[in-house]
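If you want the building blocks of each chain, they are given just below.
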Amino acid sequence: MHSSTFSSATQIQVGISACLLGHNVRYNGGHKRSAFCLNQLSGIVNYVPICPEVGIGMGIPREPIRLIGDPSQPRAVGSVNPRLDVTEALIEYGTKQAEQLRQLSGYIFMQKSPSCGMERVKVYHANGYPHRHSGTGLYAQQIMKHLPLLPVEEEGRLHDPILRENFINRVMAYHNWQQLMLNLTPYTLIQFHTRYKYIVLAHSPADYSRLGQLVANISANNVTDTAHTYQPIFMTALQQRATRKTHTNVLMHILGYLKHALIQAERSEILHVIHQYRQGFLPLIVPITLLKHFIKQHGNTFIQQQKYLSPYPDELGLRNAI
């Protein structure tokens, strides 16, 4: 399946710390250019680059800021001149941006930044010593607070193949949900649920059951309420890490749809490959590719439309490493 399948991909907007795109906006006039974000993802998503420190009027270059005080409610002050306090400015800017960025389908933050770090940002005591607890960048905190279901990740964590695949999977799913909400009917919500069934099953079997029960009781009268209940369960399910065990369960479910169409030798080959994957000897792309080959020949409409088989453009190669 080629990227043309993802014709709506050009509309996928992802917020990003501007320094990660090579913009010279850091306190020292430099950048933190991310090869993954620029080389692999730029053809799939449209970036919305933001540097909150520049956004609140700080210059380039500028005095670096750091977080001080209570890690749960730190203040952002100058590292040389503590009278420089941009706490309220960053919080206000984050709140305003969250309202203006509701079209985003994801956000990639710069790690360890006092404005953009998602987690593990150093917080200091007034005497200059680091606190034993870390904090969150003040701008990132507001984005996550006001857009709690938006897929977010730090650039550093995207070097982990499992976290990277999980994030892109969630971005694509969130984008597809946004498209669904433009034309929400009982039929379109059931269609969405049907296509995403096996992705949810791979991430959270418990939520798979909960969402199935929700959709079973849908009607024209309760479709909006059902959608509002559905989305947080759906997005929270996808946050959970799929494992080789849960993926194997889904692969076996899919194989079940082919059992009457395959000869014994073909079925044995697929079972062997699934077992090799389960044992950790093969990446997920191998059993998926083999199943897709037979589904193209023998699969019914239900199995052919499963997002699990191609949740994002294959050329990203995300399943080659998990």
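Shown above is the structure to which this text applies.
Given the structure is predicted, the values throughout are model-derived calculations rather than measurements.

Colleague: Before we move on, can you summarise the sheet that holds strand 4 (residues 75-78) with the specific residues and values?
Modeller: Hydrogen bonds between backbone atoms are what pair the strands of a sheet, whose relative direction is either parallel or antiparallel. Across the sheet, 3 strands lie side by side as 4-3-6; this open sheet has mixed pairing. The open sheet has two edge strands, strand 4 and strand 6 (123-124), and neither has a second partner. Bridge count for strand 3 (residues 65-68) against strand 4 is 4 bridges, and the pairing is antiparallel. Within strand 4, the residue paired with isoleucine 65 across the bridge is glycine 78.

Colleague: Break down the packing of helix 7 (residues 205-216) against helix 8 (residues 223-239) for me, with residues and values.
Modeller: Viewed as axis vectors pointing N to C, helix 7 and helix 8 meet at an angle of 165 degrees, and their least axial separation amounts to 10 Å. With respect to helix 8, the axis of helix 7 lies roughly antiparallel. Helix 8 is crossed by helix 7, and the crossing has left-handed handedness. The residues of helix 8 that touch helix 7, namely those facing Asp207, Arg210, Leu211, Leu214 and Val215, are Thr226, Thr229, Tyr230, Ile233, Phe234 and Ala237. Looking at the contact of helix 7 with helix 8 residue by residue, the classes come out as 7 nonpolar, 2 polar and 2 charged.

Colleague: I'd like a description of the packing of aromatic side chains, backed by residues and values.
Modeller: For the structure shown, the criterion picks out 13 aromatic pairs. Summarising the aromatic geometry, the rings of tyrosine 93 and tyrosine 139 are spaced 5.8 Å apart at their centres and angled 35 degrees between planes, so their arrangement reads as tilted. In this pair, tyrosine 93 is assigned in helix 3 (residues 87-100) and tyrosine 139 in helix 4 (residues 138-146), connecting sequence segments 46 residues apart. Just as tyrosine 93 is buried, tyrosine 139 falls in that class too. With a centroid separation of 5.2 Å and an interplanar angle of 80 degrees, the aromatic rings of tryptophan 177 and phenylalanine 192 are classed as edge-to-face. Taken together, the residues span a long stretch of sequence, with tryptophan 177 in helix 5 (residues 161-181) and phenylalanine 192 in helix 6 (residues 186-203) at a distance of 15 residues. The pair tryptophan 177 / phenylalanine 192 is uniform in exposure class, with both members buried. Site record: aromatic cluster; members linked through ring pairs are Trp177, Phe192, Tyr196, Tyr230 and Phe234. A cation over a ring is seen here: arginine 164 above phenylalanine 36, with NZ or CZ 5.3 Å from the ring centre.

Reading the values: rules and limits
Residues numbered from 1 in each chain as written. Predicted model: local features only at pLDDT ≥ 70, side-chain atom pairs only at ≥ 80, totals over all residues. Heavy atoms only, no water. Pairing = 2+ DSSP bridges. Helix = DSSP H or I, 4+ residues; strand = E, 2+ residues; numbered from the N terminus. Axes fitted to C-alpha atoms, helices over the stretch in contact; angles between N-to-C directions. Parallel < 35°, antiparallel > 145°, perpendicular 65-115°, else oblique. Left-handed = near helix turned anticlockwise from the far one by under 90°. Contact = heavy atoms within 4.5 Å. Nonpolar A, V, L, I, M, F, W, Y, C, P; charged D, E, K, R; others polar. Phe/Tyr/Trp six-rings, centres within 6.5 Å; stacked < 30°, edge-to-face > 60°. Buried < 20%, exposed > 50% of the residue type's maximum accessible area, 1.4 Å probe, protein only. Lys NZ or Arg CZ within 6 Å of the ring centre and 35° of its normal.

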